[in-house]
Each structure stands twice: as C-alpha cells, then as structure tokens.
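Overview (structure and organization)
Here are the chains, one letter per residue:
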Amino acid sequence: MSVRIYQLSKEIGMENAELIALLKERGYEVKSASSTVDNISAESLREEFGPKPEESEGAAPEEEKAEAPPVEVKIVPPSGAIVRSKEDIERERREREEEEEAKRKAEAPAPPVPAPNPGKTPPPLPRSPGVIRRTVTPSPLSGGTTPKVAPKAPILRTDLPKQEVSAKEVAEEKPTIAASAPTTKSPPPIVPPAKKGPPPIAPPSFSKPEPEAAVDETPSEEAPVEEVESEPADNLIPLQVRSPIVVRDFALQIGRKPFQLISELMEMSIFASMNSSIEEDVAQRLAKIHGFALEVRHRGEGGAAGEAEKVVEEKKPAREMVPRPPVVCILGHVDHGKTTLLDTIRKANVVSSEAGGITQHIGAYQVTHKDKLITFIDTPGHAAFSNMRARGARTTDIAVLVVAADDGFMPQTDEALGHARVSKVPVVVAINKMDAPGANVDKVLRQMQERDLAPEDWGGETLYAKVSALKGEGIEDILEAIVLQADVTETIVADPKGEVEGVIVEAQKELGRGSTASAIIQQGTLKPGMALVCGENYCRVRQLINDKGEQIKEAGPSSPVKIVGWSGPPDAGDFFKVVKNEREAKKHAEANELDRKKLEATQLQERGSTSVDDLFAAIEKTQKKSFTVLVKADVYGTAEALATSLQSIKSEKIDLEVVDMGVGDITRNDVLMSSAAKATIIGFNVGIENGVTSVAKHHGVNLIQHNIIYELITQVKDAMTDMLDPELRENKIGAAEIRQVFPVGKGVVAGCMVTEGRIQRDSIARLVRGGEVVAESKISTLKRFKDDVTEVRAGYECGIQIDGYNAYEEKDIIEVFEILKIKPDL
Ligand SMILES: Nc1nc2c(ncn2[C@@H]2O[C@H](COP(=O)(O)OP(=O)(O)OP(=O)(O)O)[C@@H](O)[C@H]2O)c(=O)[nH]1
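The name given to the chain in an unreviewed UniProt entry is Translation initiation factor IF-2, with Oceanipulchritudo coccoides as the source organism. UniProt annotates the chain under Sequence similarities (unreviewed entry) with the comment "Belongs to the TRAFAC class translation factor GTPase superfamily. Classic translation factor GTPase family. IF-2 subfamily." UniProt, in the comment section headed Subcellular location (unreviewed entry), describes the chain in these words: "Cytoplasm".

Written out as structure tokens, the structure reads:
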C-alpha cells in the first residue's frame, strides 16, 4: 500500500513542495506530488509532522501502527512508488553496468576493434569529457565515493527516522524481491540495426569503474523503466544534445538528413517539420536506432553539447525557475464536445473577468481559476488535425481528454491519449455529456482503468471531472482538476527573465497587419521591438496582442499572444527564439532557407540515382492521374493540417498534389492560379469573395468548400474518383434456347424460347454450345412473330439474330448481358 504525496501533505498540513523537498533530502526519489511513498514512511511522517495521536479523535492510527510494524513490510516495496534512495539507484545502476560489462567480456573474448567508418558520415559528436564524467559520476549522496560494501542484513533501527529505515531496508532486501520475481532481467545490450546511414558502432572508449567483488550483483527489479532505457549500452556512441531538440539539428547530430528523420518520425505518428522540436523520449528512441546513447542537457546544466554553446551558456546568468500557468490542450474523439467545452470555459471566464471583453481567436486563451491562470490551446479535434494535435500535445503541460459519457473511449480518444503519452503529458479526463440520456460514468471509469489511467477514487492517479459542457455544469471541477494536476507537475516552471523562447500555435496573413503568428511563450518575457527567428521567417515584434484583443507591453511564460511583424507566416508547431537584432534574425532565417533548399536538392538527387525498380515506379507515376488542389483555410495551421490530411488520401490510381495553400477567403487570384495549374480549390472555413464563383465557372475551376472536415475530405475523394475511368462490369439479364433455325432472306434467324430474365435488342449476346462460348456480339434483330421488338421476357418465343453470326444450331443457348459502368474505388 502506498500514499500519494499530495494526500499526505494534506494530512500533515504541509505544502506539496515542502514535503517533496523533505523527501528528496531524505533520499527518496519522488518526482511530483502524485508520486507515492510507502505506508510505513507515510506513517513516520504522520507521526513526525502530523497531529499527535492524542490530538486525533479516532483510534485508527494506533491500530494501523499495531498492525504494520516496520519490520513486517520491509521487503514489500509499494507498487508504483519509487521509494529507493538516490544512493540505492546509483548503486544499482553501477551494478547493472558491471554485470553487463562482465557479460560482454565473457561473451566476446575478442572485442571488435573500433574503426572509423571511411564511407559514411561520421557521428558528429565524439566522446567528451562530459560523457566521461557522467559515466563515473559517484552518488551525490555518498560524499564523492560510491559505497563498495555489501548490504547489511535488515535491522529495525529505532534510532533512525522510520522513512530512512524503510528506504534502506527496501534496498537491502533486493535479493528476496528478485527471487520472487522471475521476470526480472538485466537490460539486453542494444544493438543498432544494420541500416544504411548510421555510423558504425564502436565500443565507447571511456573507462568503466572497476568491477567490485563485494557489491551485490542482483539486478534491479524496481528500477524505473526510464532508467533502464536511458542506460547507454556498451555499443552505443554517447551523444549529448541540448534541449529543445530541434529536428534539423538533431538529424545532423545522428548522421541523418532532416527529411529522413522527418519520415522516421512520421512512422512513429509524429508529424514534425524541420524546425519542430521533438520530445526527449522520442529523441532517445531515434538515437538508439541510429547507434547513439543520448544524453539530453537542459538549459542551465553543464555538458559538452557543443562547445560554442557551452561558452555562451556559461556567460548567461543561471535560470531562476518559477512556477508558470499550465498550458492545457483539449483532446478527444470527434463530437465528444471539445469545442463546446473550450467555449464554455472561455465564456464562463469572460463573464467573470474584469475585462469582460470579446475574446479574440488567437489559437489559445487564458482563464483564471481561484486566482490561478490556465492557458488553453484551441486545438481542432478531428483526426485530420492529428498533425496539429500531435504538436499541440507536445507544446502543452496537461492534456484534458474529453470522453463523452454516452459514448466512452473511441479510436480518436485512444489516438489522443497516445499523443499525450508519447509527449509524457499528464492527462486529466473530462467525462462530458453527463446530461445525455445514455451517460454511463462507470463504463468510462472502467475504460480508463483498462488504459492505465486508473481514476483517483479507484486508487489510481488520474484526476477526472464529470461535466456537461453544454449546460455549463462541472466546469469548476475540471478547472480544479487542472490546477491540482498543475500543482503536482514539477515541470511547469520557467524563467521569466531568461531568453525568450516560444512555440507557434498558428499563423496567418491579415489585412493591414501582414503576417501574424499566435504563439505561446515558453521562457522569458517577450516585448515589442525584440527580434525573433522561426525557421525561414523572422520578425521584429511590432505589436503584441493578447486573447482579449488588447495590445500589451509584454508577454511572460505561458502567455498566449499574437505577434505582429513577421516576414511571413511561420509554421504551426515551430519553435522560435530571440536573437540580437532584426539583421541577425534575417540572416538566420535566410540560412535556414538555404539549408532547406540544399536538402531538397539532395533529395532530388537521391531520387534521381537509382535502380530499375525506381524507374518502373517513376513510369507508373507518370501514368497515374493527378488531382491538383489549392488549399485555403481560415488559419495557416489549419491549412497545413488539411493539406497533410488530403495528401494522406491513399490511392493507387491517382495522386493528390497540393500546388499551394493559403489563408483567407477564396479570391479571383486563387481562381486564376488554379486555372493555370488545372487545380481544384479546396476551402475550409473560408468564404468566397464577391463575384469569384462566376470567374471560377468561366475558367472551369472546381471549388470544394465545407466547414466540416470529413465532409470536405469525402467531397475531395468523390472528385478524385470522378477523374478515374469507370470500371465496366457485365450483368447477365437473360437467356434463350434455340428451338429452330429459319432461313430469312440472305441470313438466318434463330427461333428461341426465352428461358430466364429478358432478351433485349442491342445488348451483348454470347452463344454457348456444349458449355463453350462459340460467338459473342450484340443482338441486331429481335422479333415477336413478324414485329420488331426491343424486349422479350421469359416464357415467350422470339426470333434472334446475332450481329455477324449465322451458324446457329438447335439447343444452343444465347446468354444476354448488359454492361454496367461502375464508379471505381480510389
Ligand atoms: N448533451 C450534450 N451534448 C453536448 C455536450 N457537449 C457537446 N455536446 C454536443 O455534441 C456535439 C459535438 O460537440 P462539439 O463541441 O462540436 O464536439 P467536438 O469534439 O469539438 O467535435 P469536433 O470538432 O467535430 O471534433 C454538439 O452537437 C454539441 O452540442 C454536453 O455536455 N451534453
């Protein structure tokens, strides 16, 4: 059994942060207030800091104490809780390293000689002093030297505070734990796949600590997964990078080209651009695949991730992190009420806020709950927006997963949960539509449990609230849950005085303002006049506008803000940073553009070289039809997401090509451009300027417009299908048997009885004799007695002539078919 820190802190009347600090000081590895400590430790803390037993009314604490003396639970670590001290973890890590080292030596008597790869790109980062330091770093708690003594037998020490006893004893009891857990195994050595591209794997040259005979060799059962995963295997090359990890830079660091890395990310369902930043664990996985053991250095930490950067870093003052408002995104399945919830929260807040102004759509907004600010990202919800959503989840601190109580978890709910998990974003669940007739909370709670999102009142850690976004009920509860989650999430901090960094939420071109971008500030405080660079765009901040449409003088961490003054609309999800001045910003942006062009050239070259297979693929491609589109949407991020979604329409017969995309209503210019490119204009959430429809008609330009994304996609698919030649399919409509053959004039007529269906003039006829098709042509003459007719039904006699055929025989069968034109599949 275990107790969560925030529950405990309530019980003993201590702040979460205070208790966490105390536990850390005592050697507990606790991450946040939702981490847990074992009952014994909790009990000691209650004794130490909580109300004294005589003060408390009931006798329960005494009973508990009597039932659970420390010695009885010493070998049972609390499930899900991390109760080992740093010392223990450090020792276990060292032991694992030694065990692996020993195993490696035993298995490979003649270790491979590290050889530089003459052909391929060498890894950009050699081993650095920072890496050596990392590998042999002694435990911070051991006063500089790692303890080399075997653990003592467990003893009950009444002279020590109980939590210390518990932590140490749990560590000391490891052999027992390991023996009772046969699934325990030491992490296997990670061998990068023999893929082309990554550099050869040489054993690292840094020295390992000497094997220590006295040290307990038992592998750690309880080591957190992350610890095991981030452990560099001996054959991985150490690589240090700085956070944020930007795709373009990271690709080069692991010896890949950015576009290759982008495809690999896509395979992981992460849609990133060259300037996007990726999550640490994603980078870790990619690094491992390419043969590197990644160490991510965060700002303010030391390390060898680029000497130049290090020098600059050293000159910068250390960051002073303070709590900032959480950035929250709302995710969930289509129609589960994301937009309604966002609107209801926003409206509720506008009413209560002093400003009371009309909110502006800037892609994000802030609300206040009990004097605490929360920033919400206005993320669209359909799967088509998974691109933005994936980015949304990565830029946010907390994901609110909306689940309709009458529908439960659906595919996109799980997809959204996946995004949040990949990004390690904590999830708060909003069980919406509580007012709906089929609302079934228990089902949703069970589904949460099944997905490892155990609800808090079921003994789990997931906070949830029951809401009706439509009726505005439970809104305070969901805000409370968000604030509570934010309180227990340690990473929601920033340095308001630090260098400005932020992420673009969406961008657009606005009449009179030029290119503007809505962004969320992540670090520092943005002010007018500052120079920014974001990919190939740069900006001297002309104006800052908040979500209430007011011009503001500065925007601190977590603020949603519209930035006016960009050279062009940057990409949603891209990262921006401040530079010295506008000239510098322009220089950076131009260099980025040049990089992209070089990359594209390399890509083209690579495609140009190649095999017979590629040649056939190229020929096939030229035979494929192409559906060309120009995409217009209300905001740039949406246009981009829509383009991605359209391009992902799969067809073997037709390619979809986006010739251009833009924001705003469909204009005459768009039509002229589309006419030249033979493109169809796809408009999402935009209007058509006056008179443009007739210009489009005149130029034969097709317009497809809708405000519902899947309707739009369906219409595009239909338009693509219309371009394909229809499939022709035979449909048998009848048959007749020849009973007699009559000569008529120069020809012959088959006197028949219609045995099934109907016989129609001009339809396709097949003459079958003894099961074999003897002739195939169309019916040129069909007569009832002497009259020409168009159709004769089953049970009637008729005379038939098949075009170009005369050799009928009695008992021949004439089968008659119509040809149906079937709309092809894409
Ligand atoms: N009964 C009931 N209906 C709701 C509630 N919240 C939303 N709805 C309705 O559910 C439908 C979908 O709501 P949206 O807010 O558009 O859902 P969404 O998840 O944003 O949908 P997409 O944007 O299409 O992904 C609308 O008809 C809403 O009126 C609620 O609490 N109760």
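Next, the rest of the story.
Topic: the overall build of the chain
Check the secondary structure of the chain and you find 24 helices and 32 strands. Counting all 826 residues of the chain, 39% fall into the buried class. For the chain, contacts bridging at least 24 residues in sequence account for 74% of all contacts bridging at least 6.

Quick notes on the nonpolar core
Counting residues in hydrophobic clusters, the biggest one holds 137 residues, and the most contacted among them are V400, I482 and L532. When near neighbours in sequence (up to four residues on either side) are disregarded, V400 contacts V328, I330, V428, A430, I478 and I482. Listed in part, the 18 residues of the second largest apolar core include C752, I759, I800 and Y808.

Things to note about the pairing of strand β20 (residues 575–579)
Across the five residues of β20, four count as buried, placing the element largely inside the fold. By the bridge criterion, three bridges tie strand β15 (residues 501–510) to β20 in an arrangement that is antiparallel. Counterpart to G502 in the pairing with β20 is F576. Here three bridges tie strand β17 (residues 531–534) to β20, and the two strands are oriented antiparallel to one another. Its bridge partner lying in β20, A531 is registered against V579.

What about the sheet that holds strand β11 (residues 398–404)?
Ordered by their spatial adjacency, six strands build an open sheet running β9-β10-β8-β11-β12-β13, and the pairing between neighbours is mixed. Looking at the sheet topology across the chains shown, the edges are occupied by β9 (364–369) and β13 (464–466). The mean inter-strand angle of the sheet, taken between neighbouring strand axes irrespective of direction, is 25°. Where strand β8 (residues 327–332) lies against strand β10 (residues 372–377), three bridges are found, and the strand directions are parallel. Residue pairing in the sheet places C329 in a bridge with I377 of β10. Packed on one face of the sheet, helix α18 (residues 475–488) meets β8, β9, β10, β11, β12 (427–432) and β13 and runs near 145° to β11.

A word on the sheet that holds strand β21 (residues 625–633)
Taking strand neighbours across the sheet as the criterion, the four strands line up as β22-β21-β23-β24 in an open arrangement whose pairing is parallel. The open sheet has two free edges, formed respectively by β22 (654–663) and β24 (703–706), since each of these has just one partner strand. Neighbouring strand axes in the sheet, compared pairwise and without regard to direction, differ in orientation by 20° on average. Two elements, β21 and strand β23 (residues 680–684), share five bridges in a ladder whose sense is parallel. When the sheet's bridge partners are listed, V631 is paired in β23 with I682. Against the sheet, helix α21 (residues 636–647) makes contact with β21, β22 and β23, and its axis sits at roughly 175° relative to β22, the strand it touches most. The strands that helix α22 (residues 668–677) touches are β21, β22 and β23; relative to β21, the one it contacts most, it runs at about 170°.

Considerations on the packing of helix α1 (residues 5–12) against helix α3 (residues 39–49)
Packing of α1 against α3 brings their axes to within 9 Å, and their N-to-C directions diverge by 25°. Our classification of the angle between α1 and α3 gives roughly parallel. Considering only the axes of α1 and α3, their crossing is right-handed. Every residue of α3 that contacts α1 at L8, E11 and I12 is listed here: A42, L45, R46 and F49.

Notes on helix α24 (residues 709–723)
Given a rise of 1.5 Å per residue, 15 residues ought to cover 21 Å, and the 22 Å separating the end C-alpha atoms of α24 matches this to within 8%. Among the residues of α24, I709, L712, I713, V716 and M720 are the ones counted as buried. One side of α24 holds all its buried residues, which, seen down the axis, span an arc of 95°. Opposite its buried face, α24 presents the exposed residues D718 and D722, each directed more than 90 degrees away.

Quick look at the packing of α22 against helix α23 (residues 692–699)
It is at 9 Å that the axes of α22 and α23 come closest, and there the two elements cross at 10°. Judged on the interaxial angle alone, α23 and α22 are roughly parallel. In this structure, α22 contributes R668, V671 and S675 to the contact, and α23 contributes V692, V695, A696 and H699.

Regarding α1
For α1, every residue scored as buried is listed here: I5, Y6, L8 and S9. Relative to the axis of α1, the buried residues are bounded by an arc of 160° and lie together on one face. G13, located one to two residues past α1, shows a positive phi value of around 65°.

Some remarks on unusual backbone geometry
Despite not being glycine, D371 has its phi angle at roughly 70°, a positive value. Despite not being glycine, K433 shows a phi value in the positive range, around 60°. Among the secondary structure elements, K433 is positioned in the loop between β12 and α17 (441–450). C-beta crowding within 10 Å serves as the criterion here: with 25 such atoms nearby, K433 is assigned to the buried category.

Conventions we followed
Residues numbered from 1 in each chain as written. Predicted model: local features only at pLDDT ≥ 70, side-chain atom pairs only at ≥ 80, totals over all residues. UniProt positions renumbered as here; feature names shortened; annotations may be inferred. Helix = DSSP H or I, 4+ residues; strand = E, 2+ residues; numbered from the N terminus. Buried ≥ 20, exposed ≤ 12 C-beta atoms within 10 Å, placed from the backbone. Contact = placed C-beta atoms within 7 Å. Core = buried A, V, L, I, M, F, W, Y, C linked by C-beta atoms within 7 Å. Pairing = 2+ DSSP bridges. Axes fitted to C-alpha atoms, helices over the stretch in contact; angles between N-to-C directions. Parallel < 35°, antiparallel > 145°, perpendicular 65-115°, else oblique. Left-handed = near helix turned anticlockwise from the far one by under 90°. Expected span 1.5 Å × (residues − 1). Arc of directions from axis to C-beta.

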